[in-house]
Amino acid sequence: MSASDARRYVTVGGRFEMLHGAIESPTVAYETWGQPTPAGDNAVLLFTGLSPSAHAASSPDDPTSGWWEDMIGPDKPIDTSRLFVVCVNSLGSCFGSTGPASERQEGGTYRLDFPVLTLEDIARAGHAVVEHLGLTRLKAVVGPSMGGMTALAYAILHPGHAEGLVSISAAARSLPFSIALRSLQRELIRSDPAWANGKYAYDSPPVLGMRLARKLGMITYRSAKEWSGRFGRERATDDLAVGARFDIDFEIESYLEAHANKFIGTFDANCYLYLSRAMDLFDVADHGGSVEAGLARIKAERALIVGVETDFLFPLQQQRELAEGLGPTVGDVDFHPLPSIQGHDSFLVDMDRFRPVVARFFEG
């Protein structure tokens, strides 16, 4: 079995209007776990971070581990013996959904002709999957990182359609510091001569730019505190021969190199650029003139907001801002600041802290 055995597709017929343009009949890839009730009132819609596919967890159709394997499944926090989980691959991505690397109806790939992408566009594409499945109301809309911002966009665009909202390590908008880091990542890719203004051959992508962008990304996803305890100043080699080049000396460098090399060939460079910028463009204040007014459009009954003390991409005060902003219109807001040391990526690795918090929300 392969990913294609579990992956499903929805084609949105006709012209799909985006905030900054339109595309014809886009496809949205998704996977599901569990079964919907006859009333269709147990569905959870999950949006992903920047780079994952819709394969959030294993299933009989695809037994390989998913990116949130410890969170989704029978007797897990998002319990698929009770809940019907739908995870969508973001519009603009390269894992089955239409994006810059996709073929156009008129021939050729979109590349940089793909319209400017926003998280609102991704949320609307996710809603097309919801409608295709006949789900008139969601138990919750959920997302970590970029997915948490997309979940916010969904709740704003479709007020009252989701009973619950779960936003993990996300924010109402990106801070200048985060924008600066992602801007540099994009510049590293675009500065690679192989990028060729987005017209690179797919068998010869901008490898150097993608490697450097991934290394910078990995630095932002974890915390200095974790790396001090995990790597210290451990050497990767004791060989410092005269005339040695400036190669890898430390274990932390080996770690970054391994992750960068693993990323190469698995993600399209133009898709990365589009999704990264979509995170920076998102601002709840665009939906009413202020963050407070934008959040007031959300009509969920319950919300769970989770943040991590060591996350400097989306600092804890941004999750606190969300929780306080949702308070006036959402009946029950649960804000959880967690002392994880793994930084922004804690939601992927610190399961001992995240599992109980998410489980309590879905048991409530």
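Criteria and cut-off values
Residues numbered from 1 in each chain as written. Predicted model: local features only at pLDDT ≥ 70, side-chain atom pairs only at ≥ 80, totals over all residues. Heavy atoms only, no water. Helix = DSSP H or I, 4+ residues; strand = E, 2+ residues; numbered from the N terminus. Pairing = 2+ DSSP bridges. Axes fitted to C-alpha atoms, helices over the stretch in contact; angles between N-to-C directions. Parallel < 35°, antiparallel > 145°, perpendicular 65-115°, else oblique. Left-handed = near helix turned anticlockwise from the far one by under 90°. Contact = heavy atoms within 4.5 Å. Nonpolar A, V, L, I, M, F, W, Y, C, P; charged D, E, K, R; others polar. Salt bridge = Lys/Arg side-chain N within 4 Å of Asp/Glu carboxyl O. Buried < 20%, exposed > 50% of the residue type's maximum accessible area, 1.4 Å probe, protein only.

Engineer: What is the right way to read the environment of V291 from this model?
Structural biologist: With respect to the element layout, V291 can be found in helix α9 (residues 291–295). For the pair V291 and G40, spaced 251 residues apart in sequence, the C-alpha to C-alpha distance is 32 Å.

Engineer: Any chance you could explain the pairing of strand β3 (residues 21–24) here in plain terms?
Structural biologist: In regular strands, side chains alternate between the two faces of the sheet. In terms of strand pairing, strand β2 (residues 15–18) meets β3 through 4 bridges, oriented antiparallel. Bridge pairing in β3 links M18 to G21. The antiparallel pairing of β2 with β3 creates a hairpin that spans 2 residues between the two strands.

Engineer: Hey, could you run me through the packing of helix α5 (residues 207–221) against helix α7 (residues 251–263) in this one?
Structural biologist: Angle between the axes and distance between the axes: these two values describe a pair of packed helices. Contact geometry of α5 with α7 gives a least axis separation of 8 Å together with a crossing angle of 125°. When the axes of α5 and α7 are compared, the pair comes out oblique. Seen along the crossing, α5 lies across α7 with a hand that is right-handed. Contact with α5, carried on its side by M210, R211, R214, K215, M218 and I219, involves Y255, L256, E257, H259, A260, N261 and F263 of α7 and no other residues of that element. In terms of residue class, the contact of α5 with α7 is built from 7 nonpolar, 2 polar and 4 charged.

Engineer: Honestly, the pattern of salt bridges in this entry has me stumped. Any pointers?
Structural biologist: Pairs may arise between side chains of opposite charge once their charged atoms sit close together. Counting across every chain of the model gives 17 salt bridges. The residue E17 makes a salt bridge to R15 at a minimum N-O spacing of 2.7 Å. The class of E17 is partly exposed, set by a relative accessible area of 42%. Salt-bridge contacts for R355 lead to D70; the nearest nitrogen and oxygen are separated by 4.0 Å. Of this pair, R355 sits in helix α12 (residues 351–363) while D70 sits in the loop between β5 (43–47) and β6 (72–73), placing them 285 residues apart in sequence. Each of D70, D352 and R355 takes part in a single network of salt bridges with overlapping partners.

Engineer: Would you take a moment to explain helix α10 (residues 316–326) for this structure?
Structural biologist: Residues that lie three or four places apart on an α-helix share one face, since the helix turns once every 3.6 residues. Among the residues making up α10, those that are buried are L316, Q318, Q319, L322, A323, G325 and L326. If you follow the buried residues of α10, they end up packed against α3 (146–157), β10 (162–168), α9, β11 (302–308) and β12 (332–338).

Engineer: Hey, could you run me through the sheet that holds strand β4 (residues 27–33) in this one?
Structural biologist: Consider a sheet: its strands pair through backbone hydrogen bonds, and that pairing is either parallel or antiparallel. Here we have 8 strands laid out as an open sheet, ordered β1-β4-β8-β5-β9-β10-β11-β12, and mixed in their pairing. Of all the strands in the sheet, just β1 (8–11) and β12 have a single pairing partner and so form its edges. Strand-to-strand twist in this sheet, taken as the mean axis angle between neighbours without regard to direction, amounts to 20°. In this structure, β1 lies alongside β4, joined through 4 bridges in antiparallel fashion. Considered in β4, the bridge of R8 is made with Y30. Packing against the sheet, α12 makes contact with β5, β9 (138–144), β10, β11 and β12, and its axis sits at approximately 175° to β11.

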